[in-house]
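Residues per chain, in single letters:
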Amino acid sequence: MQLSSPLVRRRSRNLETEGRSAMASSHSTRKASIPKAAAHKASILKALCAAFALLFVVAHPAAAQLSFKPTAEAVQEDKLLNALKEGDKITGRITIPDAMAASLIQPAGRDWRDFHRSKLPIIGGVAIIGMLALLAIFLMVRGRIRVDHGFSGTKILRFASLERFTHWLTASCFIVLALSGLNISFGRILILPLCGAQAFATMSTYAKFAHDYLAFPFMLGLVIMFLIWIKDNIPGKIDLQWLRQGGGILANGKRPPAKRFNAGQKGIFWMVIVGGALMSVSGWFLLFPYIPANVTTMQFWTVIHAVIAMLFIAGILAHIYIGTVGMEGAFEAMGTGEVDLNWAKEHHSLWVEEEQAKGHAPSGSTPRAVPAE
Amino acid sequence: MKVFLAALLFAAVAAVGVSIVLNTIQQPSYAAFTTGGARVGDPGNNLIGPG
């Protein structure tokens, strides 16, 4: 600071003079007063230390209470998790490339775990076992759906080689995916006690590999299936008529008209396409876990994957039933590709007429008398 | 039957092909999700290393 006033400068010089004289005076007596000064400084230092210690003891708990409560209750995990609201997370700072590892505690993870441990087995059990029970009851009550007029012996091409290839490609992958997926949800409960930990671990490892890699030909099959069958699976008014008559499968008698695919088959087609698409998208996030932005997104897609899978499996069980045990003459459509003309007329009368008009099918059938019972 | 077997064969070949491609273009998780300082030199036969 500059002192510009003459009065101030003079006063300043006086102060400097007084200061120098005082320093000279103290310098002359320094040797005599050193022991006394050191003792004085030591006492001041002790007082300062005591003051700081007192300040630390008094102030530290108060500051600590502002940030957290280090009591026995505060460190209990349940109370900590319950204190966190939906969507809250306790995160840390990490330097490894896996950004999701920064989430240390996430309460939503408990809900996700509970879902997989308690709700998912119920959903899967009700869907799959319930469907099997329904099909068994239906078979017992209705019996196998026969060809009312018997087999004619005349064949008509139902599915070409590419269609059957696509069907079996998708179906074979689906069966492995379903079994290996069910092993993830139920294997620990149902299979582990039967074969032991070592065998179960080995089997589950290979099942997981199969699940991961067969997902790709499955997705390819879905795409081809969609492209080659979409034109025959557009819902129309005739499907309403088919549905109103229950497909004619509830009792023997008149069958409702249908084109290449009836309403039931169209339902299966769209279930496979939509369900397969959801399984593919959700499965893609599980195959490549760094794609989801965070753990919550990952958990969401695992739930979607698991629930759709259970419903998908239940729906396909119905499809397998009606294509094999449930309906006489149906399996040949995907087995050899050719079906009996009478079977085709009963279940897809309009399609047979179209094929006959194109010259792809014989114009008449040879009805065989139903044997008397 | 030929079509069915062809579909099975194709599925198996496609799965193996995909596994080779993915294992070629991707790093194992113990290398992809760790830094050099934390990377295990020989992960061995455990959950984070090759089986």
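Residues numbered from 1 in each chain as written. Chains lettered and ligands numbered in written order. Predicted model: local features only at pLDDT ≥ 70, side-chain atom pairs only at ≥ 80, totals over all residues.

Remarks on the overall build of chain A
- Helix and strand counts for chain A stand at 13 helices and 4 strands.
- Within chain A, the fraction of its 373 residues that count as buried is 18%. (Helix = DSSP H or I, 4+ residues; strand = E, 2+ residues; numbered from the N terminus. Buried ≥ 20, exposed ≤ 12 C-beta atoms within 10 Å, placed from the backbone.)

Examining the overall build of chain B
- Scanning chain B from N- to C-terminus turns up 2 helices and 0 strands.
- Expressed as a percentage of the 51 residues in chain B, the buried residues total 8%.

Some thoughts on the interface of chain A and chain B
- Taken together, the contact between chain A and chain B spans 17 residues of the former and 17 residues of the latter.
- The dominant element in the side of chain A that touches chain B, judged by the number of residues it contributes, is helix H5 (residues 161-190) of chain A, at 7 residues.
- The residue inventory of the side of chain A that touches chain B, partitioned by class, reads 11 nonpolar, 4 polar and 2 charged. (Contact = placed C-beta atoms within 7 Å. Nonpolar A, V, L, I, M, F, W, Y, C, P; charged D, E, K, R; others polar.)

Let's talk about the environment of Lys155(A)
Residues and elements named next belong to chain A.
- Structurally, the position occupied by Lys 155 is in strand S3 (residues 155-157).
- Along the primary structure Lys 155 and Ala 344 are separated by 189 residues, whereas in three dimensions their C-alpha atoms are 9.1 Å apart.
- Setting aside anything within four residues of it in sequence, one finds Lys 155 in contact with Glu 338, Val 339, Asp 340 and Leu 341.

Some words on the domain arrangement of chain A
- Along its sequence, chain A is carved into domain 1 (66-106) and domain 2 (110-358).
- When each unit is reduced to the centre of its C-alpha atoms, the spacing between domain 1 of chain A and domain 2 of chain A is 43 Å. (Domains from an automatic or database assignment.)

Notes on the environment of Leu80(A)
- By the secondary structure assignment, Leu80(A) is in helix H3 (residues 77-83).
- Assessed through the 14 C-beta atoms surrounding it within 10 Å, Leu80(A) is described here as partly exposed.

So, the confidence of the model for chain B
- Across chain B, the average pLDDT comes to 79, with 65% of residues at or above 70.
- For this predicted complex, the interface confidence score (ipTM) comes to 0.77, while the overall pTM stands at 0.74. (pLDDT = per-residue confidence, 0-100.)

Notes on the environment of Val339(A)
Residue and element names in this part refer to chain A.
- Locating Val 339 in the fold gives a position in strand S4 (residues 338-340).
- Val 339 gets classed as buried once you count the C-beta atoms within 10 Å, which come to 25.
- C-alpha separation for the pair Val 339 and Ile 156, spaced 183 residues apart in sequence, amounts to 5.5 Å.
- Sequence-distant contacts of Val 339, that is, excluding residues within four places in its chain, are made with Lys 155, Ile 156, Arg 158, Gly 329, Glu 332, Ala 333 and Ala 344.

Notes on the nonpolar core
- One finds Cys173(A), Leu177(A), Leu214(A), Ala215(A), Phe218(A) and Ala11(B) to be the most contacted residues of the largest nonpolar core, which totals 18 residues.
- The element that contributes the greatest number of residues to this core is helix H7 (residues 197-229) of chain A, accounting for 8 residues.
- Formed by 14 residues, the second largest nonpolar core is a distinct cluster that contains Val147(A), Phe159(A), Ala263(A) and Val339(A). (Core = buried A, V, L, I, M, F, W, Y, C linked by C-beta atoms within 7 Å.)

Some thoughts on the packing of H7(A) against helix H9 (residues 263-287) of chain A
Residue and element names in this part refer to chain A.
- Contact geometry for H7 and H9: axes closest at 10 Å, N-to-C directions at 145°. Here H7 runs over H9; the crossing is left-handed. From H7, Asp 212, Ala 215, Met 219, Leu 222, Phe 226 and Trp 229 reach across to H9, where they touch Phe 269, Ile 273, Gly 276, Ser 280, Gly 283 and Leu 287.
- Residues that form the contact of H7 with H9 fall into these classes: 8 nonpolar, 3 polar and 1 charged. (Axes fitted to C-alpha atoms, helices over the stretch in contact; angles between N-to-C directions. Left-handed = near helix turned anticlockwise from the far one by under 90°.)

Regarding the confidence of the model for chain A
All names here are of chain A.
- Counting all residues, the mean pLDDT for chain A is 81, and 79% of those residues have values of 70 or more.
- Ranking the helices and strands of chain A by mean pLDDT puts H7 first, with 96, and helix H1 (residues 6-28) last, with 39.
- In the predicted structure, residues 1-34 sits below a pLDDT of 50 and forms 3 contacts with residues beyond four places in sequence or in another chain.
- Contacts of residues 61-66 to residues separated by more than four positions or lying in other chains number 1 contact, the stretch itself having pLDDT below 50.

Re H7(A)
- With 33 residues, H7(A) extends 45 Å from end C-alpha to end C-alpha; this agrees with the ideal 48 Å at 1.5 Å per step.
- If you look at H7(A), its biggest bend is around 30°, right at Ala215(A), and the proline Pro217(A) turns up within four residues after that.
- The set of residues buried in H7(A) consists of Ala207(A), His211(A), Tyr213(A), Leu214(A), Ala215(A), Phe216(A), Pro217(A), Phe218(A), Gly221(A), Leu222(A), Met225(A) and Trp229(A).
- Contacts from the buried residues of H7(A) go to H5 and H9 of chain A together with helix H1 (2-25) of chain B. (Expected span 1.5 Å × (residues − 1). Bend = angle between axes of the 7 residues up to and from the residue.)

Section: the packing of H7(A) against H1(B)
- Taken N-terminus to C-terminus, the directions of H7(A) and H1(B) make an angle of 120°; their axes are 8 Å apart at the nearest point. Considering their axes alone, H7(A) and H1(B) lie oblique with respect to each other. The crossing of H7(A) and H1(B) is right-handed. Along its contact with H7(A), which presents Tyr213(A), Leu214(A), Phe216(A), Pro217(A) and Leu220(A), the element H1(B) presents Phe10(B), Ala11(B), Ala14(B), Ala15(B), Val18(B) and Ser19(B).
- Along the lines of polarity and charge, the residues of the contact of H7(A) with H1(B) split into 10 nonpolar, 1 polar and no charged. (Parallel < 35°, antiparallel > 145°, perpendicular 65-115°, else oblique.)

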